[in-house]
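# Descriptive analysis of the structure
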Amino acid sequence: MWSTFLVTDEEGRTVSPAAAGTVGGAALGGPAQGPVGLTNLMSGRSTFGGNKRRRTTSTGHAMSEAQEGKIKLAFFVAIVGVVLTVLGVGTEFWVELSPSKSFYNNQTCLTAHYGLWKGCSKTLWVADIDPERESCGPAELPGESNCTYFKFFTTGENTVLFQKTTKKNLNVAAAMLALFSLFLMVMGAICITMALSKEILFFLKPGSVCFILSGVMVLLSLMVFHQSVLAFLASDHTVPLHHELSWSVSCIGCAGAVLIVGGILFLLLALPYSPWRRCLPQKDNSSS
């Protein structure tokens, strides 16, 4: 009865329990070696699978809990930059334009503000304006507002405000840079999410590049937009205007800096060694 009981070794060969004991590493010599050999075979298979998993993670440079915490902290910094970018790009308070509050010689004055996608003109009461302020504004004061989207992206027409004409090419370039930066942020977020979920540090490198480039693109968009404002003001001098960059630009500037910092942090975490230990080596406590 027991002679017909067979087991299979790792290579798929059919052997007896005694032979299985030999495969498992035990010597032939007693009936108790069969179960021991079967146990060794099963443990050998499980060990083989475990070694395979360890080899996979070691090839991808598995991260420790401390590294994972640092990556999540750097990811939070990058997310702050992404939120600031979305807030700045989606609002139209990039620049405020306002003539003198006494230019129209009545109880109201006109101010305007615009961003990448649309512009708004607003009628304010002169009595609501700070007496020490010479120009009309700020745009946050209550008044009748009229907002329209720019036709740069539809019919290609320029917009006229206070008899001045916008520069379509510069405005479109600033908007395209902002959109491309958002695309890079999405790609960077995907890379960092893959690094955290798969525990592979390699994804930190493309993620850091994406966030650094997105921060540079955001700052370039801000510079191009500022040049478009200067070109807009120089298009006509009939109506003297006072201009100032508003809070949306502050969000964009801070976002660019935060994104670059976040990308640099990811790049430092992706290094196989600690740059702080290389720059500031610890002294040996045993040395006198």
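Here, every reference points to the structure presented above.
For the structure given in this document, a descriptive report is provided here. All figures in this text were calculated on a predicted structure; none of them were measured in a lab.

## Section: the packing of aromatic side chains
Under the defined criterion, the tally for this structure stands at ten aromatic pairs. Taken together through their ring pairs, the aromatic side chains of Trp94, Tyr114, Phe150, Phe152, Phe225 and Phe232 make up a single cluster.

## A look at the nonpolar core
Core analysis: the biggest nonpolar cluster contains 39 residues, and Leu97, Tyr114, Leu116, Ile192, Leu204, Phe225 and Phe266 have the highest contact counts within it. Within the residue set of this core, elements represented by two or more residues are α3 (65–90), β3 (95–98), β4 (108–114), α4 (168–198), α5 (204–234) and α6 (247–270). Each residue touching Phe266, except ones within four places of it in the same chain, is listed here: Ile71, Ala74, Phe75, Ala78, Ile192, Leu204, Ser208 and Phe211. Formed by five residues, the second largest nonpolar core is a distinct cluster that contains Cys109, Leu124, Cys136 and Leu141.

## Side note on the environment of Asp236
On the secondary structure map, Asp236 appears in the loop between α5 and β9 (242–245). Along the chain, Asp236 and Thr165 lie 71 residues apart, while their C-alpha atoms are 7.7 Å from each other.

## Considering a nonpolar patch on the surface
Taken together, the side chains of Phe180, Phe183, Val186, Met187, Ile190 and Met194 present a nonpolar region at the surface, about 520 Å² in accessible area. Among the secondary structure elements, Met187 is positioned in helix α4. Met187 gets classed as partly exposed once you look at its relative accessible area, which sits at 34%.

## So, unusual backbone geometry
The omega torsion of the bond from Gly137 to Pro138 falls at 0 degrees, within 30 degrees of zero and hence cis. Residues other than glycine seldom take positive phi values, yet Phe162 does so here, at roughly 55 degrees. Within the fold, Phe162 resides in the loop between β7 (160–161) and β8 (164–165). Its identity as a non-glycine residue notwithstanding, Glu199 has a phi of 60 degrees, on the positive side. Tracing the backbone shows Glu199 in the loop between α4 and α5.

## Re the packing of α4 against α5
Running from amino to carboxyl end, α4 crosses α5 at an angle of 165 degrees, the nearest separation of the two axes being 8 Å. Classified by the angle between their axes, α4 and α5 sit roughly antiparallel to one another. The two elements α4 and α5 cross, and the hand of that crossing is left-handed.

## As for the state of the cysteines
Tallied over the entire structure, the rule returns two disulfides. A disulfide bridge connects Cys109 with Cys136, and the sulfur atoms are separated by 2.0 Å. Looking along the S-S bond of the Cys109-Cys136 disulfide, the torsion reads about 70 degrees, which is the right-handed sense. In this pair, Cys109 is assigned in strand β4 and Cys136 in the loop between β5 (118–125) and β6 (143–149), connecting sequence segments 27 residues apart. Take Cys109 and Cys136: they sit in the same class, and that class is buried. With its sulfur 1.9 Å from that of its partner, Cys120 forms a disulfide with Cys147. The disulfide joining Cys120 to Cys147 has a torsion of about 115 degrees about its S-S bond and is therefore right-handed.

## Details of α6
Each full turn of the α-helix corresponds to 3.6 residues, which orients residues three or four apart in the same direction. Spanning 24 residues, α6 covers 35 Å between terminal C-alpha atoms, matching the ideal 34 Å at 1.5 Å per step. Within the span of α6, buried status applies to Ser248, Val249, Cys251, Ile252, Ala255, Gly256, Leu259, Gly262, Gly263, Phe266 and Ala270.

## With respect to empty space enclosed by the protein
If a probe the size of a water molecule is rolled over the atoms, the empty space left behind becomes visible. All chains considered together, the criterion is met by one cavity of 30 Å³ or more. Around the largest cavity, the lining residues are Thr85, Val89, Trp94, Ala178, Ser181, Val218, Ser221 and Ile252. Mapped by element, the contributors of at least two residues to the lining of the largest cavity are α3, α4 and α5. The residue inventory of the lining of the largest cavity, partitioned by class, reads five nonpolar, three polar and no charged.

## Some thoughts on the sheet that holds β6
Taken together, the five strands give an open sheet; going across it, the order is β6-β5-β4-β3-β9, and neighbouring strands pair in antiparallel fashion. Edge positions in the sheet fall to β6 and β9, since each of these pairs with one other strand and no more. For this sheet, the mean angle separating the axes of adjacent strands, direction not counted, is 20 degrees. Bridge count between β5 and β6: seven bridges; the pairing is antiparallel. Of the residues in β6, the one forming a bridge with Ser121 is Asn146.

Each value, and the rule that gives it
- Residues numbered from 1 in each chain as written.
- Predicted model: local features only at pLDDT ≥ 70, side-chain atom pairs only at ≥ 80, totals over all residues.
- Heavy atoms only, no water.
- Phe/Tyr/Trp six-rings, centres within 6.5 Å; stacked < 30°, edge-to-face > 60°.
- Core = buried A, V, L, I, M, F, W, Y, C linked by side-chain atoms within 4.5 Å.
- Buried < 20%, exposed > 50% of the residue type's maximum accessible area, 1.4 Å probe, protein only.
- Helix = DSSP H or I, 4+ residues; strand = E, 2+ residues; numbered from the N terminus.
- Contact = heavy atoms within 4.5 Å.
- Patch = residues over 30% accessible without salt bridge, like charges linked within 9 Å, V, L, I, M, F, W, Y side chains within 5 Å.
- Areas by Shrake-Rupley, 256 points an atom, 1.4 Å probe, with all protein chains shown as cover.
- Salt bridge = Lys/Arg side-chain N within 4 Å of Asp/Glu carboxyl O.
- Axes fitted to C-alpha atoms, helices over the stretch in contact; angles between N-to-C directions.
- Parallel < 35°, antiparallel > 145°, perpendicular 65-115°, else oblique.
- Left-handed = near helix turned anticlockwise from the far one by under 90°.
- Disulfide = S-S within 2.5 Å.
- Expected span 1.5 Å × (residues − 1).
- 1 Å grid on protein atoms, 1.4 Å probe; cavity = no way out; pocket = protein on both sides within 12 Å on 5 of 7 lines; lining within 4 Å.
- Points joined across faces, edges and corners; volume = space filled by probe spheres on them.
- Nonpolar A, V, L, I, M, F, W, Y, C, P; charged D, E, K, R; others polar.
- Pairing = 2+ DSSP bridges.

Read these as geometric descriptors, not functional statements.
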